[in-house]
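Spelled out, the chains give:
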Amino acid sequence: MGIRVTQSMMNTQLLRNVSSNLGRMNDLQNQLSTGRRINKPSDDPVGLTFSMRYRSEIDANDQYVKNTDSATSMLDFTDTTLGQAGDVLQRLRELAVKGATGAQPQEAYDAINLEVKELYNQLVEIGNSKFNGKYVFNGEQTQTAPYPGTKIDDATGKMAYEVTTDAGQTQYELGPGVTLGANLTGVEIFGNPTDADNVFLVVKQVSDALKDGNYNKVSDLIGSIDTRLGTLLEKRAEVGARTNRLALVSDRLTQTGVNLKSIQSKTEDADMAEVITNLKTEENVYQASLSAGAKLISPSLVDFLK
Amino acid sequence: MRSTFHGLETARRSLFTQTAALYTTGHNVANANTTGYSRQIVNMTASQSMEAYGLIRSTVPGQMGSGVEFTSITRVREKFLDDQYRNENKSFGDYSIRQDTLEKLETIVNEPSESGVRTVIANFFNAWSELSKSPENADGRKIVREQALALTDALNHTAKQLSDLKNDLTENVDIRAGEINSRLHGIAQLNRSIAKLEGLGDNANDLRDQRDQLADELSKMINITVTEQSDGYKIDMGGTELVAGFDEPAPVTGETLTDAVASGDLNSGEVYGMILSRDTYVQGYINDLDRLANTLANGDIEVTLPKGSVIPEGTTLTNSDGSTTLYSGSVSSRTLSGDTKVVLKGLNALHQLGYNTSSTPTGLPFFTNADGSTGTITAASITLNKQIADNPTKISASMRVNDDGTLIEGNNSLSVLFSQARDMRFNFGSAGDPNLNTVDAYFRSIAGQLGVQSEEAIRQMNNSKGLVDQIDGRRQSVSGVSLDEEMSNMIKFQHAYNAAARNMTMIDEMLDKVINGMGVVGR
């Protein structure tokens, strides 16, 4: 028995086809206007979980990039400060060499001593450097000045060479589980109270020796100045090494960011050429179904009976 | 012996019968677009012949026919297709509701996007990382506060949307119960009317169509079996009888329908889809989200506390091997001599290990319920501890204090740990049945699961829709009105009518000849 076909069956069929065709066109339009293949979880559940992970990783990566930048500027500041301290010590050495020469009138030693005292004060200022509102050389005691802001002649309170700075290091997050302490502590740079070449102690001793006109003592102290200069250079090299490491980390993070974005795009994004082609195909099918409908639906035998 | 007027009678019967056929054609054409209408046909039969069998018969040869009559008007319909249709329609009803609910859930979850829960989770951890760079400052704390509030707001909002959806579904079940009742009532009434009409020997075609239509509509809402009995349709839902014969049915309600799901009597159709969507899908996501909120605040995490951290006075910590250590006494005796792995109860416990910049630097639980309690936290009521929200200096970042108990502000150990918690695996299960995941991965799995369920529901709905359409096509093929067919029938019946009328005219002329034209020869 052949299937009996009625007008309403054809109507229903046409409506069904046209509406499912419109539905597909709607999906494609949506992909076209958002540029994304995955617009809701059911579009591709597996792809969605990947896409969400990439998005979270990109968010975290962006934060690591910011942290790396902060750590870098912290180290750059430390480097500049160490440079200044180095300059001060160089000048101290020059003055010490002058002061180590015998057979000068006391006035000459006193003149040198004036500048040496200023150098001491300048070193204290360097030790109390602030960056972004924090004392950089006092470990985690960032709100407390490590070296009392007193001048060399002020006898009250603790002298700078008696100070043990806080040993804490501010950790910067550079990646999942990766942290880097960016700050150097005061004692690392200027020396412990127990160190013979504690920079403040050495300057004080030079100053005292000059005051007494004890040029031999000044001469002896040049060695301590040299070892401290060596330590400073060493610390600057360390800062440089850390900056290099940060540059590498930064490069890697940038690269990771690019990779993540590209892999996210591969997962989420619609292939425009494909979407447009499909949309055109669907448009053609839609046109065809409409025109076929127009031909099929209207006439029946009624139209031909006179 | 035939009568003189036999021919007239034959023609008259034909005229009447063809008229009936033409009227029925008209009825069919008129109902070509009526939902549930099945085409009707007039069953014609040659009427009883002049001479019945018996002992006395005339000597006239042959048996003289007496024309046509119609014995019945019947609808063309196949019961088997009705049963099939109703069977598939219930699945279609079920899956279309499931698909609809899951689509709404997808909108609520709102992924992939830059404005969903995933984003606020990422922003929350980023804010801690930002704070870790300047733990002594107020601005970093304010960012943490705002991002924590954004996170709890997002969870609250999502939970609210879910409970709204749940209430909508409950309301819809009640509305459907009303619709079911009106149809059951209609069927009982039709059972009565049909019995009355058919008791007289007629076919109540149009009423039967209406009753089948009501049964079709019911079949989309709930799973029904239809049995035709002498007193009309008996409709059962599983083991529950909904209507039988003439008796007014006992009304169903949202509660009876929910009970029927529990007893297994209601197992398909839209109402089942609604109850299942509500109790399985929507409630499932509410539970998942609650677990997310509670685990973030209170779930077990393994954390490595850095060397040098000072544990707050009187804190008991659970070590990774399960043993506990009480930290008490002087600052130095509470200072960790090396990195220490401990198991903590969520970010709340972690935050309490820190010190903040306020006048009382003791760490507070970070998240609370809206009422301030910290027991079991739900997505609907999770919020940032009010004390912290009012005063962000109570956000701890440091884990070190001086010997005199004053804060070391530059320490950022706690904020780093908070930030690193993005990669820490929280226990979303229970102690005995652990489910270790990062917060992000757990939420991702929720969204992924939703995607799979929704994808599956779309597929199932399309399948069952295809089947329903196919069976409905078969039914239309049998019962639907074809205008072409009706038109050609109309021509057929019209010609028969015309011919019968012509036959009558011919007999009329013949009788005219006999009555008026004969016996006047030679006049």
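On a predicted model such as this, the values are computed, not experimentally measured, just so you know.

*Asks:* Looking at this model, I keep getting lost on the overall build of chain A. Mind explaining?
*Replies:* For chain A, the helix and strand inventory stands at eight helices and four strands. Along chain A, helices (α) and strands (β) appear in the sequence α-α-α-β-β-β-β-α-α-α-α-α when read from the amino end. Scaling as 2.2 N^0.38, a compact globule of 306 residues should have a C-alpha radius of gyration of about 19 Å, whereas chain A reaches 39 Å, well beyond that. Overall, the C-alpha framework of chain A stretches about 140 × 30 × 30 Å when taken along its three principal axes. Within the span of chain A, comprising 306 residues, buried residues form 44% of the whole. Of the contacts formed within chain A by residues at least 6 apart in sequence, a portion of 73% connects residues at least 24 apart. With an accessible surface of roughly 15000 Å², chain A has 54% of that area assigned to carbon and sulfur atoms.

*Asks:* What should I look at first to understand the overall build of chain B in this one?
*Replies:* Summing up its helical and strand segments, chain B has 12 helices and 13 strands in all. The C-alpha radius of gyration computed for chain B amounts to 41 Å, which surpasses the reference 24 Å derived for 523 residues by more than 25%, pointing to a less compact arrangement than a globule. Dimensions of chain B, computed from the C-alpha atoms along their principal axes, are close to 160 × 40 × 35 Å. When each of the 523 residues of chain B is scored for burial, the buried share is 50%. For chain B, restricting intrachain contacts to residue pairs at least 6 apart in sequence, the fraction spanning at least 24 positions comes to 70%. With an accessible surface of roughly 23900 Å², chain B has 51% of that area assigned to carbon and sulfur atoms. Looking at chain B, you have 47 positive and 66 negative side-chain charges, and the mean spots of the two groups are 4 Å apart.

*Asks:* Explain the UniProt feature "coiled-coil region" (unreviewed entry) in chain B to me, please; I cannot follow it from the model alone.
*Replies:* Under the present numbering, the feature "coiled-coil region" (unreviewed entry) in UniProt falls on residues 190-224 of chain B. For residues 190-224 of chain B, helix accounts for 77% and strand for 0%, while the C-alpha atoms at its two ends are 18 Å apart.

*Asks:* Would you take a moment to explain the sheet that holds strand β8 (residues 324-327) of chain B for this structure?
*Replies:* Two modes of strand pairing occur in sheets, parallel and antiparallel, and in both the strands are linked by backbone hydrogen bonds. Residue and element names in this part refer to chain B. As summarised here, the arrangement of the four strands in space is β6-β9-β7-β8, forming an open sheet in which the pairing is antiparallel. Where the open sheet ends on each side, the last strands, each with one partner, are β6 (300-305) and β8. Sheet twist, expressed as the average angle between the axes of neighbouring strands with direction ignored, equals 45°. One ladder, built from four bridges, connects strand β7 (residues 315-319) with β8; its direction is antiparallel. Looking across to β8, one finds that L317 is bridged to T325.

*Asks:* Would you take a moment to explain the confidence of the model for chain B for this structure?
*Replies:* Detail in the predicted coordinates should be disregarded across regions flagged by low pLDDT. On average, residues of chain B score 94 in pLDDT, and 99% of them are at 70 or above. This complex was scored by the predictor with a pTM of 0.89 and an ipTM of 0.90.

*Asks:* How should I be thinking about the UniProt feature "domain: Flagellin N-terminal" (unreviewed entry) in chain A in this particular structure?
*Replies:* Using the residue numbers shown here, the UniProt feature "domain: Flagellin N-terminal" (unreviewed entry) corresponds to residues 7-142 of chain A. Spanning residues 7-142 of chain A, this segment combines 77% helix with 3% strand, and its end C-alpha atoms are found 86 Å apart.

*Asks:* Would you explain the UniProt feature "domain: Flagellar basal-body/hook protein C-terminal" (unreviewed entry) in chain B in this entry?
*Replies:* Summarizing the sequence annotation, UniProt attributes the feature "domain: Flagellar basal-body/hook protein C-terminal" (unreviewed entry) to residues 478-516 of chain B in the numbering used throughout. Split by type, residues 478-516 of chain B is 92% helix and 0% strand. Its first and last C-alpha atoms lie 54 Å apart.

*Asks:* Just to check I follow, could you spell out the interface of chain B and chain A for this structure?
*Replies:* Many analyses report the size of an interface as the accessible area lost when the parts associate. Contacts between the two partners involve 55 residues from chain B, matched on the other side by 48 residues from chain A. Here chain B meets chain A over a buried area of about 4400 Å², counting both sides, of which 51% is carbon and sulfur. On the chain B side of the interface with chain A, the three residues burying the most area are P112, K133 and R444 of chain B, jointly 17% of the side's total. Linking chain B to chain A there are seven salt bridges. Notably, a salt bridge pairs E114 of chain B with R55 of chain A, separated by 2.7 Å at the nearest N-O pair. At the level of elements, α3 (117-133), α10 (413-420), α11 (439-479) and α12 (483-517) of chain B are the ones that each hand at least two residues to the side of chain B that touches chain A. When residues of the side of chain B that touches chain A are assigned to their parent elements, the largest contribution, 17 residues, is made by α11 of chain B.

*Asks:* Whenever I open this one, the sheet that holds strand β3 (residues 225-229) of chain B confuses me. Can you help?
*Replies:* Residues and elements named next belong to chain B. If you walk across this open sheet you meet the three strands as β3-β4-β5, and the pairing is antiparallel. In the strand order of this sheet, the two ends are held by β3 and β5 (240-244), each with one partner. Each neighbouring strand pair of the sheet contributes to a mean axis angle of 25°, computed without reference to strand direction. Alignment of β3 against strand β4 (residues 232-237), held across five bridges, turns out to be antiparallel.

*Asks:* I'm lost on the environment of T505 of chain B in this one. Help?
*Replies:* All names here are of chain B. Take T505: it is sitting in helix α12. The sequence separation of T505 and T253 amounts to 252 residues, and the corresponding C-alpha distance is 67 Å. Among the polar contacts listed, one links the side chain of T505 to the backbone oxygen of A501, at a separation of 2.8 Å.

*Asks:* Could you clarify how one ought to interpret helix α3 (residues 106-127) of chain A in this entry?
*Replies:* Because each turn of an α-helix spans 3.6 residues, side chains separated by three or four positions end up pointing in the same direction. Residue and element names in this part refer to chain A. A rise of 1.5 Å per residue sets the reference length of α3, with its 22 residues, at 32 Å; its end C-alpha atoms lie 31 Å apart and thus fit the reference within 8%. Within α3, the full set of buried residues consists of Y109, I112, N113, V116, L119, Y120, N121, L123, V124, I126 and G127. In the core, the buried residues of α3 are packed alongside α2 (45-99), α4 (186-190), α5 (199-211) and α6 (215-268).

*Asks:* What exactly am I supposed to notice about the pattern of salt bridges here?
*Replies:* Charged atoms that come close allow side chains of opposite charge to pair. All names here are of chain B. For the coordinates displayed, the defined rule picks out 60 salt bridges over all chains. The salt bridge partner of R208 is E228, with a shortest N-O separation of 2.8 Å. With R208 in helix α5 (residues 205-221) and E228 in strand β3, this residue pair connects regions lying 20 residues apart in the sequence. Residue classification places E228 among the partly exposed positions, given a relative accessible area of 37%. The salt bridge involving D279 is made with R278; its shortest N-O contact spans 2.9 Å. For R278, a relative accessible area of 10% translates into the label buried. Overlapping salt bridges bring together R75, R77, D82, R86, D209, D212, D216, D472 and R475 as one network.

*Asks:* Before we go on, may I ask you to explain unusual backbone geometry in this structure?
*Replies:* The peptide bond linking E111 of chain B to P112 of chain B adopts the cis configuration, its omega dihedral lying at -5°. Within the secondary structure, P112 of chain B sits in the loop between α2 (79-109) and α3. At A103 of chain A, a residue that is not glycine, the phi angle is positive and equals roughly 60°. Position of A103 of chain A relative to the elements: it lies in the loop between α2 and α3. The backbone phi angle of N110 of chain B is positive, close to 55°, even though this residue is not glycine.

*Asks:* Looking at this structure, I do not really get the packing of aromatic side chains. What am I missing?
*Replies:* Describing an aromatic ring pair means giving the distance of the ring centres and the angle of the ring planes. Residues and elements named next belong to chain B. Summed over all chains, the structure comprises 17 aromatic pairs over all chains. Between W128 and F366 the ring centres are 5.6 Å apart and the planes differ by 55°, which places this aromatic pair in the tilted class. Pair noted here: W128 is in helix α3 and F366 is in the loop between α8 (346-351) and β10 (367-368), with a separation of 238 residues, a long-range link. For W128, a relative accessible area of 0% gives the class buried.

*Asks:* Where do I start with the nonpolar core in this structure?
*Replies:* A general trend in soluble globular proteins is that nonpolar side chains are found buried together. If you look at the biggest cluster of nonpolar residues, it comprises 104 residues, and the most contacted ones within it are I222, L257, L305, F366 and F367 of chain B. If one sorts the elements of this core by residue count, helix α4 (residues 138-199) of chain B sits on top with 17 residues. When residues no more than four places from it in sequence are discounted, the contact partners of L257 of chain B are V173, A177, I180, I222, M237, V252, L266, V271 and I275 of chain B. If you look at the next biggest cluster of nonpolar residues, it comprises 54 residues, including A71, F200, V202 and L253 of chain A.

Rules used in this analysis
Residues numbered from 1 in each chain as written. Chains lettered and ligands numbered in written order. Predicted model: local features only at pLDDT ≥ 70, side-chain atom pairs only at ≥ 80, totals over all residues. Heavy atoms only, no water. Helix = DSSP H or I, 4+ residues; strand = E, 2+ residues; numbered from the N terminus. Rg over C-alpha atoms; globule rule 2.2 N^0.38 Å. Buried < 20%, exposed > 50% of the residue type's maximum accessible area, 1.4 Å probe, protein only. Contact = heavy atoms within 4.5 Å. Areas by Shrake-Rupley, 256 points an atom, 1.4 Å probe, with all protein chains shown as cover. Lys, Arg positive; Asp, Glu negative; His and termini not counted. Charge placed at Lys NZ, Arg CZ, Asp CG, Glu CD. UniProt positions renumbered as here; feature names shortened; annotations may be inferred. Pairing = 2+ DSSP bridges. Axes fitted to C-alpha atoms, helices over the stretch in contact; angles between N-to-C directions. pLDDT = per-residue confidence, 0-100. Buried area = accessible area lost by both parts, 1.4 Å probe. Salt bridge = Lys/Arg side-chain N within 4 Å of Asp/Glu carboxyl O. Polar contact = N/O pair within 3.5 Å; in protein donor to acceptor, adjacent residues only side chain to side chain. Expected span 1.5 Å × (residues − 1). Phe/Tyr/Trp six-rings, centres within 6.5 Å; stacked < 30°, edge-to-face > 60°. Core = buried A, V, L, I, M, F, W, Y, C linked by side-chain atoms within 4.5 Å.

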